[in-house]
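Descriptive structure summary
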Amino acid sequence: MTTTTAAAVPVAAFDQVTKGYGDVRAVDGLTLGLYPGETVALLGPNGAGKSTTLDLLLGLKRPDQGSVRLFGTSPREAIVAGKVGAMLQSGGLMDGVTVAELVRLACDLHPRPYPVADVLARAGVTQIADRKVDKLSGGQSQRVRFALATAGDSSLIVLDEPTTGMDVSARHAFWATMREQAEQGRTVLFATHYLEEADAIADRVLVLHRGRLLADGTATEIKAKAGARRISFDLLDGAADETALRALPFLTAIDVSGPTVRIQSSDADATVHALYGLGVYPRNLEVAGLGLEQAFVAITTAEEAKSK
């Protein structure tokens, strides 16, 4: 992991970027920078603009306004120079060829290729190297896409939902490889719906909503930004009086399942104090910070409420 400073030169820079489709703004005034050695998670609900952001970054789409620069040049120039490797959801793999043949082609096309055997091993596809690409499972196809993205020495690796279809062991192996890439100074940007991956892997988390950047920081900072804590407890006398519980101060969410109550509160101390004031005796009381998933939901839900 590399710590960024104001003087650091960004690997990628969005400057007031806007991209629309008809009346819909998929990306709306986006400004951000990515820096060497960072592992960055791009999060957002469906329709948040993640895929369009990646397409703009890779030069697959052009912004309506603003600019996107990679390594101080246009995305196309950076990609032609071999500075960027990408693993995208869209687009199929070439049929009628083997895994090894496809990877060899990617290596031949890269200005600074790695040995084919090394690329196959890093992606965990050596054992299926002789298999035809159109005979692969979903998880195997993802690993082949990863091999193509890392066929050469690229400084920026862009991954769109990279572990979709992979089993648990394959996902762990994949992220171990990605950590190695970042430790070698490469920048890794990945979009994912697996928020536990973002929490465990990313140095930095970006939250998009309706094309705008809602949050940018470490996973810990994003959790703090949600401004809420989790409270959970059991009530000995069975089902709780849900009406009274919903009247507790500073609640942002509540779930009652039989005797078990789970609450999100913007002021946990005041909520717990009021809970005892109801005359109930909570057992197994726990107060903790939100996980990244709960924080993500809280931030995006609050933004939705503002826009209504």
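Just so we're clear, the structure is a prediction, and the values are computed from it rather than from any experiment.

This paragraph deals with the nonpolar core. Counting 48 residues, the largest nonpolar core has Leu43, Val99, Val103, Leu159, Phe174, Met178 and Val205 as the members making the most contacts within it. The element best represented in this core is helix α3 (residues 99-109), accounting for six residues. Beyond its immediate sequence surroundings of up to four residues, Val103 is in contact with Val116, Val119, Leu120, Ala147 and Leu148. Of all hydrophobic cores here, the second largest spans 26 residues; its members include Leu58, Val68, Leu156 and Val158.

Attention now goes to the packing of α3 against helix α5 (residues 138-149). One can describe the packing of α3 onto α5 by two numbers: an axis separation of 9 Å at closest approach and a directional angle of 25 degrees. With respect to α5, the element α3 is oriented roughly parallel. Here α3 runs over α5; the crossing is right-handed. Touching Val99, Leu102, Val103 and Ala106 of α3 are Val144, Ala147 and Leu148, all from α5. Taken together, the residues of the contact of α3 with α5 sort by class into seven nonpolar, no polar and no charged.

Parameters at a glance
- Residues numbered from 1 in each chain as written.
- Predicted model: local features only at pLDDT ≥ 70, side-chain atom pairs only at ≥ 80, totals over all residues.
- Heavy atoms only, no water.
- Core = buried A, V, L, I, M, F, W, Y, C linked by side-chain atoms within 4.5 Å.
- Buried < 20%, exposed > 50% of the residue type's maximum accessible area, 1.4 Å probe, protein only.
- Helix = DSSP H or I, 4+ residues; strand = E, 2+ residues; numbered from the N terminus.
- Contact = heavy atoms within 4.5 Å.
- Axes fitted to C-alpha atoms, helices over the stretch in contact; angles between N-to-C directions.
- Parallel < 35°, antiparallel > 145°, perpendicular 65-115°, else oblique.
- Left-handed = near helix turned anticlockwise from the far one by under 90°.
- Nonpolar A, V, L, I, M, F, W, Y, C, P; charged D, E, K, R; others polar.

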